[in-house]
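# Examination of the molecular architecture
Listed here are the chains, written in short residue letters.
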Amino acid sequence: MKIGELAARTGVSVRSLRYYEQQGLLKPARDENGYRDYSIFAEEQVRTIQLYLNLGLTTEQIAGFLNCVMKNKEAFCTEVFPIFRQKIAEIEAQINQLNHIKMNLEERMQSILDERQWDEMEE
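All of these numbers come straight from a predicted model, not from anything done at the bench. (Residues numbered from 1 in each chain as written. Predicted model: local features only at pLDDT ≥ 70, side-chain atom pairs only at ≥ 80, totals over all residues. Heavy atoms only, no water.)

The next thing to look at is the nonpolar core. Of all hydrophobic cores here, the largest spans 23 residues; its most connected members are L17, Y20 and F65. For this core, the secondary-structure elements that each account for two or more residues are helix 1 (3-10), helix 2 (14-22), helix 3 (42-54), helix 5 (66-71) and helix 6 (80-122). If near-sequence neighbours (up to four positions away) are discounted, Y20 is found in contact with V12, L25, L26, V46, I49, Q50 and L53. (Core = buried A, V, L, I, M, F, W, Y, C linked by side-chain atoms within 4.5 Å. Buried < 20%, exposed > 50% of the residue type's maximum accessible area, 1.4 Å probe, protein only. Helix = DSSP H or I, 4+ residues; strand = E, 2+ residues; numbered from the N terminus. Contact = heavy atoms within 4.5 Å.)

See below:
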C-alpha cells in the first residue's frame, strides 16, 4: 500500500506518516523506484501510534514499546507500565501547577473587587 492510501485509510497526513518513519515507528519496504510500500498491518500500527499520541505520549516513548504491543497484548509489555506512571506523574504536576495559577487568579480578582468596593465607599 502506498503512503497516500495509508494516509486516506487512517486519516493521518502523509507528513505525519513520514515523521513516524523518521522516528522509527513505521518501517515500510521500498519499491525499486524508491516509493514506500506499507504492509497490510501498517494501518493498525498507525492507529496504535495515534492512540498513544492521544494519551499524551511522545513518539520516543511510543518507540520504546510499540513493537511489543503490536505483537502482544499491552498487558504483557513490561515497558508500558513505567511510561504510563511517568505520564500520570507529569499530568498530576501540571494539574497542581494549573490549580496554583487558578488560585492566584482568583485572589487577584478578589483583590480587584475589594479595591472597587473600597473606592465606591469613599465616593
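Moving on, we come to the side chain of T59. Inspection of the secondary structure puts T59 in helix 4 (residues 59-63). Of the polar contacts made by the side chain of T59, one reaches the side chain of Y19; its length is 3.5 Å. Each residue touching T59, except ones within four places of it in the same chain, is listed here: Y19, Q23, L25 and L53. (Polar contact = N/O pair within 3.5 Å; in protein donor to acceptor, adjacent residues only side chain to side chain.)

The next thing to look at is the UniProt feature "coiled-coil region" (unreviewed entry) in the protein chain. The UniProt record marks residues 88-115 with the feature "coiled-coil region" (unreviewed entry), using the residue numbering of this structure. Along residues 88-115 one finds 100% helix and 0% strand; the C-alpha atoms at either end are 40 Å apart. (UniProt positions renumbered as here; feature names shortened; annotations may be inferred.)

Another point: the side chain of E21. The topology assignment puts E21 in helix 2. Polar contacts involving the side chain of E21 include one to the side chain of R30, which spans 3.2 Å. Leave out the neighbours within four places in its chain, and E21 touches L26, P28, R30, R36 and Y38.

Time to look at the state of the cysteines. A full pass over the atoms with the stated rule returns one disulfide. A sulfur-sulfur distance of 2.1 Å marks the disulfide that ties C68 to C77. Looking down the S-S bond of the C68 and C77 bridge, the torsion is -100 degrees, so its handedness is left-handed. With relative accessibility at 16%, the residue C68 sits in the buried group. (Disulfide = S-S within 2.5 Å.)

A word on the pattern of salt bridges. Scanning the entire structure with this criterion turns up eight salt bridges. The partner of E90 in a salt bridge is K87, and the shortest N-O contact between them spans 3.5 Å. Linking E90 with K87, this pair stays in helix 6, spanning three residues, or about one helical turn. Look at E90 and you get partly exposed, because its relative accessible area is 31%. Residue classification places K87 among the buried residues on the basis of a relative accessible area of 17%. (Salt bridge = Lys/Arg side-chain N within 4 Å of Asp/Glu carboxyl O.)

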